[in-house]
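Close look at the chain arrangement
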Amino acid sequence: MSALSVGAVAETAPRERRVALSPDGVVRLLATGQQVIIEAGAGAAAWFPDTDYTDAGARLVAKRELYDQADIIVCVHPPAAADLSLLHPGQVLIGLLAPLIEPQLPRSLAEAKVTSISLDGLPRTLSAAQSMDVLSSQANVAGYKAALLAADTYGSYLPMFMTAAGTTRPAQVLVIGAGVAGLQAIGTARRLGGVVTGYDVRDAARSDVASTGASFLELDTTVSATGDGGYARALTEEERNAQQAALNAAIGRFDIVITTAQVPGKRPPELVSANALAAMQPGSVVVDLAASELGGNVAGAKPETTTITDNGVTVIGANNLPSGVPKAASTAYARNIVALLAHLVRDGTLVLDPDDTITAGVLITHDGDIVHPAVRALLEGPGR
Ligand code: NAD
């Protein structure tokens, strides 16, 4: 059986500390019969020194050599523009390529005859895909880090303390959106000693929240919005207004609010309004995981920006939280990559079967064409 050469590059995006293959991932890939090469220094920011990779059995190379020699290149973010020109026809690029956000990238990759595979297209509800689900593994890390960030920013204790100097009350924590990131934020805030309440619009989330030991936020209005594939659907305007009014009335009693609400393919819903922020106590903290240039779950939250409202509420627009836990995030990411390759590589050959649901979800460009229907539709849409 011939072996494919899998190469992990050093990330070039600003402030990114993750790496697509950890030393543990190298061991796992070698066990499946592949060869592994690593760009020297690629794991340094995630606390994986080069020697950990060579001990695991990988070969260290310079960037240019890696682009020359690897059959498959794995990354977290797309390589910088200058590095993309190092890719050659027939080579495979696997990472979080965000083709629906950056559709010019697939165009260039197709022109360069590079086969590209983007993990953000993985069908998340398919149980066979769970071990490859990078969005979930990274959301899990993000939820954990969001709770730590909130606790670190909050000016008091999370747990109740009874000391000779008196008793402090525990912090009241609300987590809005009880998906992967939300449930991890709930679990982490509970382990830190906060009194935690979760909220979501999907019926199934009620039992998920209960299973963590947190309570569920009961609003005067009942919105039940389970959509396709177990995800939430977008709310109607009437439902949104009713939810907003009920949330406005509830949020003021919480010391920490962590928001993680999203509906696939839609702008994140704004759930913490300016009125709700105004009702919070000075010293309260709000962390918005959904903050993006398109808006987030919290009024005025901007990615990578911390603001303090006039009434003393710190609003953190969180961005790339997994990079702040780089070792754990990279280890999980690498395991997802190894699982995907175990699915796609048979007898030393990458098998791209268009009838396979996983392949159809992740394959973006192949043989000079953009093959992903949604990406193609976006590029062929009006004004393109
Ligand atoms: P998920 O789909 O598993 O969970 C989202 C939850 O939001 C779902 O349970 C859904 O029912 C709920 N929701 C949708 N609309 C709602 C509404 N109107 N009210 C209440 N709940 C609602 O998603 P996830 O993987 O947990 O990711 C959550 C968010 O975190 C996303 O915006 C994602 O992009 C973001 N994220 C951020 C970082 C970061 O570093 N900031 C990292 C990973 C993920």
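In every chain, residue numbers begin from 1 and rise along the written sequence. With pLDDT at 70 or above as the cut-off, local features in this predicted model cover only qualifying residues; side-chain atom pairs require 80 or more to be listed or tallied, and sums for whole chains, interfaces and linings still use all residues. The side-chain values count all of the structure's non-hydrogen atoms but skip hydrogen atoms and water molecules.

**What about the sheet that holds strand β10 (residues 195–199)?**
Sheet strands line up and pair through hydrogen bonds in the backbone, either parallel or antiparallel. Put simply, the test is: When DSSP finds two or more bridges between a pair of strands, those strands are recorded as paired. The way it works is that DSSP assigns letters per residue, a run of H or I at least four long becomes a helix, a run of E at least two long becomes a strand, and they are numbered from the N terminus.
In spatial order, the strands read β11-β10-β9-β12-β13-β15-β14; together these seven strands make up an open sheet with mixed pairing. The open sheet is flanked by β11 (215–216) and β14 (305–308), the only strands paired with a single partner. Relative to strand β13 (residues 285–288), strand β12 (residues 256–259) runs parallel, the two being bridged by four bridges. In the strand pairing of β13, isoleucine 256 is matched with valine 285.

**Some details on the sheet that holds strand β6 (residues 115–118)**
On the basis of which strands lie adjacent, the open sheet formed by eight strands has the order β3-β2-β1-β4-β5-β6-β18-β19 and mixed pairing. The open sheet has two edge strands with one neighbour each: β3 (59–61) and β19 (369–370). Looking at chain direction, strand β1 (residues 5–8) and strand β4 (residues 72–74) are connected through three bridges and run parallel. Looking at β4, one finds that valine 6 is bridged to isoleucine 72.

**Topic: the pattern of salt bridges**
Applied cut-off: The salt bridge definition used is simple: a Lys or Arg side-chain nitrogen within 4 Å of an Asp or Glu carboxyl oxygen. Summary of the burial criterion: residues with accessible area below 20% of their type's maximum are buried, those above 50% are exposed, and those between are partly exposed, where the area comes from a 1.4 Å probe applied to protein chains only.
Using the criterion set out here, one finds 10 salt bridges in the structure. Notably, a salt bridge pairs arginine 28 with aspartate 24, separated by 3.1 Å at the nearest N-O pair. Remark: aspartate 24 and arginine 28 occur in helix α1 (residues 23–31); sequence separation between them is four residues, near one turn of the helix. Residue classification places arginine 28 among the partly exposed residues on the basis of a relative accessible area of 36%. The class for aspartate 24 is partly exposed, based on a relative accessible area of 25%. Salt bridges here are not isolated pairs; linked through shared partners, they connect Asp24, Arg28 and Arg335.

**Section: the site of the ligand**
What counts here: A molecule or strand has a residue near it when one of that residue's heavy atoms lies within 4 Å. Definition of a polar contact: a pair of N or O atoms within 3.5 Å, with one able to donate and the other able to accept a hydrogen when the atoms are protein atoms, and with sequence-neighbouring residues admitted only if both atoms are side-chain atoms. Surface exposure here means Shrake-Rupley accessible area, sampled with a 1.4 Å probe, where a residue is shielded only by the protein chains that are shown. Polar here means any residue other than Ala, Val, Leu, Ile, Met, Phe, Trp, Tyr, Cys and Pro, which are nonpolar, and Asp, Glu, Lys and Arg, which are charged; Gly is therefore polar.
Neighbouring the ligand are 28 residues; Ala181, Asp200, Arg202, Gln262 and Leu321 lie closest to it. Separating a nitrogen atom of the ligand from a side-chain N or O atom of glutamine 243 is a distance of 3.1 Å. Leucine 289 is positioned with one of its backbone polar atoms (N or O) 3.2 Å from a nitrogen atom of the ligand. Contact with the protein chains covers 88% of the free accessible surface of the ligand, which is 860 Å². Mapped by element, the contributors of at least two residues to the shell around the ligand are α6 (134–153) and α7 (180–191). Within the shell around the ligand, the residues separate by chemical class into 18 nonpolar, seven polar and three charged.

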